[in-house]
Amino acid sequence: MPSPAMIEAVGLTKSYGKPARPVLDGIDLRVDRSTVAALLGPNGAGKTTAVRILATLTTADSGTARVAGYDVVADRSRVRRSISLTGQYAAVDEGQTGEENLRMMARLAGRSRRDAHRRAAGLLDRFGLSDAARRPVRTYSGGMRRRLDLAAGLVGSPQPEVFFLDEPTTGLDPRSRQELWQVVRELAADGATVLLTTQYLEEADRLADRIAVIDRGRKVAEGTADSLKSRVAGHRLDVVLADRAAYLRLTHRAVHHAPATLTLGLPTDGSAAHVRALLDEIDPAGTAIERFSLHSATLDDVFLALTTTKETRTAHV
């Protein structure tokens, strides 16, 4: 039996401006309980708009969505009690200490003074912030602020069932990103459902059970990281061309482009037979290719292959 869906969206559309410019163009989405899902796409793809609709911050022009079993329009207040939203920038008071921020949020969530103090202390310890609990937040690093922001989403009772993380590691250094990734894994392990948006391919690869690739407001692919990689082939043959004419002749077949070095990446299954056949096909005279190398396909290849074409295609893998 499939796991119950904690996030379901069907045919979401949203347009802004005059004349109306579509930002979402019929997005379908399903996220199962206790899983991590990622919305991956370039700037302006519609990721944040989708999250804002699901978090009840804006309404869709058409389509339906349910979060934690509740309709995001008809049951807006119930949805809000079931979710935590962390935006692209930490929403904490920099003039207060970390402890004061969490105690304030706990009080606003309806906890007693004593319970708020206990809950804040527990969350500061869980998120590795106990040593900085009484320091002003303005002295925190970017990673510490993001962890405090996530902790603030947990002060209520009961704990949120669904977490929306909109580009949570933007601007963080590699160590802080790793620390935040661990927090996300722990949330899912505790039974929470997480939907994150990201432009970091490694982030989606490391964290997400399923990934939806969005481009120009439409979902162009969806699946696990491995299935998406196989979507563009299991491996990539990088060839360095002898001249610009040869590069331009083959560029339409590539999933990776490096014009400065006249290098193209071509999809292949990685077998010796296919590599030989591919080289013979694209360079029958043996003069167009200077050298080549074979690599495993990455989410970079998926991202470039699916978000740089002029035609938008929907593929489920």
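For the structure, see preceding data.
What you see is a predicted model; the values in this text were computed from it and never measured. (Residues numbered from 1 in each chain as written. Predicted model: local features only at pLDDT ≥ 70, side-chain atom pairs only at ≥ 80, totals over all residues. Heavy atoms only, no water.)

1. Quick look at the overall build of the chain
Counting its secondary structure elements, the chain contains eleven helices and 14 strands. Going through the 317 residues of the chain one by one, you find that 49% of them count as buried. Counted over contacts in the chain with a minimum sequence separation of 6, partners at least 24 positions apart contribute 68%. If you sum the accessible surface of the chain, you get close to 15,400 Å²; carbon and sulfur atoms cover 50% of it. (Helix = DSSP H or I, 4+ residues; strand = E, 2+ residues; numbered from the N terminus. Buried < 20%, exposed > 50% of the residue type's maximum accessible area, 1.4 Å probe, protein only. Contact = heavy atoms within 4.5 Å. Areas by Shrake-Rupley, 256 points an atom, 1.4 Å probe, with all protein chains shown as cover.)

2. Here's the deal with the layout of surface pockets
In this structure, the largest pocket encloses a volume near 630 Å³. Lining the largest pocket are 27 residues, with R80, I83, S84, A152 and G153 positioned closest to its centre. The set of elements that each furnish at least two residues to the lining of the largest pocket consists of α2 (76-82), β6 (83-86), α3 (98-108) and α5 (142-152). Residues of the lining of the largest pocket, tallied by class, amount to 14 nonpolar, nine polar and four charged. (1 Å grid on protein atoms, 1.4 Å probe; cavity = no way out; pocket = protein on both sides within 12 Å on 5 of 7 lines; lining within 4 Å. Points joined across faces, edges and corners; volume = space filled by probe spheres on them. Nonpolar A, V, L, I, M, F, W, Y, C, P; charged D, E, K, R; others polar.)

3. With respect to the sheet that holds strand β1 (residues 5-16)
Read across the sheet, four strands follow the order β2-β1-β4-β5 without closing on themselves; strand pairing throughout is antiparallel. At either end of the open sheet lies a strand with only one pairing partner, and these are β2 (21-32) and β5 (70-71). As judged from the two bridges shared by strand β4 (residues 62-67) and β5, these two strands associate in the antiparallel manner. For R66, the partnering residue across the bridge sits in β5 and is D71. Across the sheet, helix α1 (residues 47-54) is in contact with β1, β2 and β4; its angle to β1 comes to roughly 120 degrees. (Pairing = 2+ DSSP bridges. Axes fitted to C-alpha atoms, helices over the stretch in contact; angles between N-to-C directions.)

4. Concerning the nonpolar core
If you look at the biggest cluster of nonpolar residues, it comprises 46 residues, and the most contacted ones within it are L102, F127, L148 and I211. Looking at this core, the element that brings in the most residues is helix α6 (residues 174-189), giving six residues. Setting aside anything within four residues of it in sequence, one finds L102 in contact with A120, L123, L124, L148, A151, A152 and V155. V31, L39, A45 and A55 belong to the second largest nonpolar core, which has 27 residues in total. (Core = buried A, V, L, I, M, F, W, Y, C linked by side-chain atoms within 4.5 Å.)

5. Structural notes on the sheet that holds strand β11 (residues 235-241)
Sheet architecture is open: four strands sit in the order β12-β13-β11-β14, paired in antiparallel fashion. Here the strands that pair on one side only, and so sit at the sheet edges, are β12 (256-258) and β14 (289-296). Shown here is a sheet whose adjacent strand axes are inclined to one another by a mean of 20 degrees, direction ignored. Of the strand pairs in this sheet, β12 and strand β13 (residues 263-268) are connected by three bridges, and their pairing is antiparallel. When the sheet's bridge partners are listed, H257 is paired in β13 with L264. Docked against the sheet, helix α10 (residues 272-282) engages β11, β13 and β14, running at close to 130 degrees with respect to β13.

6. Notes on the packing of α3 against helix α4 (residues 113-126)
For the pair α3 and α4, the least separation of the axes is 8 Å and the interaxial angle reads 130 degrees. Relative to α4, α3 is oriented oblique. Here α3 runs over α4; the crossing is right-handed. Between α3 and α4, the residues in contact are G98, E99, L102, R103, A106 and R107 and R113, A116, H117, A120, L123 and L124, respectively. (Parallel < 35°, antiparallel > 145°, perpendicular 65-115°, else oblique. Left-handed = near helix turned anticlockwise from the far one by under 90°.)

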